[in-house]
Amino acid sequence: MSMNAPLADVARHGFLSGYLESLALVERLHRLLLDVIKDEFERLNILDINAVQALLLFNIGDNEVTAGELKSRGYYQGSNVSYNLKKLVDMGYMHHQRCEIDRRSVRVRLTEKGRQVRDTVSGLFERHAEGLQGKGVLGPDGIDQINHSLKRIERYWTDQIRYIY
């Protein structure tokens, strides 16, 4: 930026820099979350499941869902979720059953083994929440602000996908 640049250009450039930093942080945080989950499972000597699969089990929880429902909730990409659901069924973490109405659709739910993984991830997240708050890293107001801002970005991006064309 030159010294003669209008203030609006300087502000726009500053906002763009901040936005790009936020995008990089979101991406790094997601990868770091997967590393944290992987580390927890290695520590517990649970080596037959990867972090993406463990997070998938956590997100399914007590629900009975289809791959399409997981995709529509925005959790996972198409081929990724189908592959991981098949692996989780094969490894005994999930039950699957063809839908009575639409035989092409398969509904899945956690087995006891899958619920144990879900509970492990849930316990990890509970410890993190306690640690973040207990060490003063982030309090209730801070987490509310983060969530509010991220939801606004999510709505903006969703609108861009729906209405751009």
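Relevant structure appears above.
Here's a quick rundown of the structure. (Residues numbered from 1 in each chain as written. Predicted model: local features only at pLDDT ≥ 70, side-chain atom pairs only at ≥ 80, totals over all residues. Heavy atoms only, no water.)

Re the pairing of strand 3 (residues 106-110)
Pairing analysis gives two bridges linking strand 1 (residues 65-66) to strand 3, with the strands arranged antiparallel. Residue pairing across strands places valine 65 opposite valine 108, the latter belonging to strand 3. With five bridges connecting them, strand 2 (residues 94-98) and strand 3 associate as antiparallel partners. By the bridge assignment, arginine 98 is partnered in strand 3 with valine 106. (Pairing = 2+ DSSP bridges. Helix = DSSP H or I, 4+ residues; strand = E, 2+ residues; numbered from the N terminus.)

Observations regarding the sheet that holds strand 1
Hydrogen bonding along the main chain pairs the strands of a sheet, whether they run parallel or antiparallel. A sheet is described by the order of its strands in space; here three strands give the open sequence 1-3-2, paired in antiparallel fashion. The sheet terminates laterally at strand 1 and strand 2, the two strands that pair on one side only.

Focus on the nonpolar core
Ile49, Leu57, Ile60, Leu85 and Met94 are the most contacted members of the largest nonpolar core, which totals 24 residues. Where this core is concerned, the elements lending two or more residues are helix 1 (7-43), helix 2 (51-60), helix 3 (67-72), helix 4 (78-90), strand 3 and helix 5 (112-134). The element best represented in this core is helix 2, accounting for six residues. In this structure isoleucine 49 touches Phe41, Ala54, Leu57, Leu88, Tyr93 and Val117, once residues within four positions along its chain are discounted. (Core = buried A, V, L, I, M, F, W, Y, C linked by side-chain atoms within 4.5 Å. Buried < 20%, exposed > 50% of the residue type's maximum accessible area, 1.4 Å probe, protein only. Contact = heavy atoms within 4.5 Å.)

Focus on the side chain of glutamine 53
Position of glutamine 53 relative to the elements: it lies in helix 2. Of the residues examined, glutamine 53 reaches a relative accessible area of 4% and is grouped as buried. Once residues lying within four places of it in the same chain are set aside, the contact partners of glutamine 53 are Asp48, Asn84, Lys87, Leu88 and Met91.

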